[in-house]
Amino acid sequence: MSDYDFSGNDKFSDDRPDPAAPGGSILFGLPGTLVDRDPRRALVGQYPDGVVDMVLDPEDPWGFACVSRQINLGVDPQQALADYETTHGPAVAWVVRVCLENYTLAVKGLLPGASELLGDLRRAGLTLWGLAATTSQLIAAISEVLSPLSALKGTLISSKEHLDLSDPLFYRLALRRFAISPGHTIFVDADPEHVAIADRLGMDGILAQDISSLRQLLRQRGIAC
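The present account deals with the structure reproduced in this document.

About the thresholds
- Residues numbered from 1 in each chain as written.
- Predicted model: local features only at pLDDT ≥ 70, side-chain atom pairs only at ≥ 80, totals over all residues.
- Heavy atoms only, no water.
- Axes fitted to C-alpha atoms, helices over the stretch in contact; angles between N-to-C directions.
- Helix = DSSP H or I, 4+ residues; strand = E, 2+ residues; numbered from the N terminus.
- Parallel < 35°, antiparallel > 145°, perpendicular 65-115°, else oblique.
- Left-handed = near helix turned anticlockwise from the far one by under 90°.
- Contact = heavy atoms within 4.5 Å.
- Nonpolar A, V, L, I, M, F, W, Y, C, P; charged D, E, K, R; others polar.
- Salt bridge = Lys/Arg side-chain N within 4 Å of Asp/Glu carboxyl O.
- Buried < 20%, exposed > 50% of the residue type's maximum accessible area, 1.4 Å probe, protein only.
- Pairing = 2+ DSSP bridges.
- Phe/Tyr/Trp six-rings, centres within 6.5 Å; stacked < 30°, edge-to-face > 60°.
- Right-handed = clockwise from strand over helix to strand, strands pointing away.

## Digging into the packing of helix α2 (residues 64-72) against helix α3 (residues 77-88)
It is the contact of α2 with α3, at a shortest axis distance of 9 Å, that shows an interaxial angle of 155°. As far as their axial angle goes, α3 and α2 are roughly antiparallel. Of the two possible hands of crossing, α2 and α3 adopt the one that is right-handed. Contact with α2, carried on its side by F64, V67, Q70 and I71, involves P77, A80, D83 and Y84 of α3 and no other residues of that element. Class assignment for the residues of the contact of α2 with α3 results in six nonpolar, one polar and one charged.

## Topic: the pattern of salt bridges
For side chains of opposite charge, pairing can occur when their charged atoms come near one another. In total, this model carries eight salt bridges according to the counting rule given. With a shortest N-O distance of 2.9 Å, D120 and R215 are connected by a salt bridge. With D120 in helix α5 (residues 114-123) and R215 in helix α10 (residues 211-220), this residue pair connects regions lying 95 residues apart in the sequence. What makes D120 partly exposed here is its relative accessible area of 21%. Because the salt bridges share partners, they merge into one network encompassing R40, D49 and D53.

## Comments concerning the sheet that holds strand β6 (residues 127-132)
The five strands lie next to each other as β7-β6-β3-β8-β9, forming an open sheet whose pairing is parallel. Edge strands, defined here as strands with exactly one partner in the open sheet, are β7 (154-157) and β9 (204-207). Between one strand and the next, the sheet's axes are offset by a mean angle of 20°, whatever the strand orientation. Sheet analysis places strand β8 (residues 185-189) next to β9, joined by four bridges and oriented parallel.

## Details of α2
For α2, a buried count of seven out of nine residues is recorded, marking the element as mostly surrounded by other parts of the structure. Those residues of α2 hidden inside the fold are in contact with α1 (49-55), α3, α4 (90-101) and α7 (158-161). In the stretch just after α2, G74 is the one whose phi turns positive, near 100°.

## A look at unusual backbone geometry
In this chain, L30 is followed by P31 through a cis amide linkage whose omega measures 10°. Secondary-structure assignment places P31 in the loop between β3 (25-30) and β4 (35-37). A positive phi angle is found at A179, which is not glycine, with a value near 55°. Inspection of the secondary structure assignment puts A179 in the loop between α8 (168-177) and β8. Given a relative accessible area of 40%, A179 falls into the partly exposed group.

## Some points on the packing of aromatic side chains
Going through the model one piece at a time under the given rule, you end up with three aromatic pairs. Both rings, one in F64 and one in Y103, keep their centres 6.1 Å apart while their planes meet at 35°; by these two values the pair is tilted. One end of the pair, F64, is in helix α2; the other, Y103, is in the loop between α4 and β5 (107-110), with 39 residues separating them in the sequence. Across the pair, Y103 and F64 agree in class, each one buried. On the numbers, 4.2 Å between centres and 20° between planes, the contact of W129 with F178 is stacked. Of this pair, W129 sits in strand β6 while F178 sits in the loop between α8 and β8, and the two are 49 residues apart along the sequence. For the pair W129 and F178, one class covers both residues: buried.

## So, the pairing of β8
The buried count for β8 comes to five of five residues, which makes it a mostly enclosed element. On β8, burial covers both faces: T185, F187 and D189 on one face and I186 and V188 on the other are all buried. The sheet contact formed by β3 and β8 spans four bridges and is parallel. When the sheet's bridge partners are listed, L27 is paired in β8 with F187. With helix α9 (residues 192-200) bridging β8 and its parallel neighbour β9, the resulting β-α-β unit is right-handed.

## Topic: the packing of α3 against α4
Relative to each other, α3 and α4 sit at 150°, their axes nearing to 8 Å. Judged by the sense of rotation from one axis to the other, the crossing of α3 with α4 is right-handed. Across the interface between the two elements, Q78, L81, Y84, E85 and H88 of α3 pack against P90, V92, A93, V96, R97 and L100 of α4. Across the contact of α3 with α4, the residue classes break down as seven nonpolar, two polar and two charged.

In structure tokens form, the structure reads like this:
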């Protein structure tokens, strides 16, 4: 079983959740639902806003989002940067390099209220898991600010599995590794495409943009949180 304990150490364990545990499981798509992440923070003060906007433009099919996805899938960062440079040139590629080198600044910690919610869910009898679009190296570098995620019993990391949240296999792998049933699992993410994938696989998908609305949606499902 491949998972991560957010103290910076990989864990390999045969521990499995009790399938009859009260409340079942909640699988969080990370960083979308719990983590306060903004790539702009890695570049603020180093380049004009216009340059930052250009580099982080979500409409650019070969832009920073593409580089980030490659790295999160396990591609060597130097290769991802080289691919980016072929379409954007060396000057803009250098800005992306700076963003990647400073990326720990992009992650502030958990969203307000997320740590309290995780504690409430555990007390309500839920078993908590994560699917993370990131790298083990980044998690290790920011493990202190992400320490509340130790409430998660296990997390699959995209770069280790060479899969991400756009691939249904990533979800199937989580269900198998964690030995949880889709019919007793809630999946939470801020991306409607990811929620739709979970729904198709038999999970109860919740689209949540903030912790307050997530609490309300969980309470509607009878969860005391």
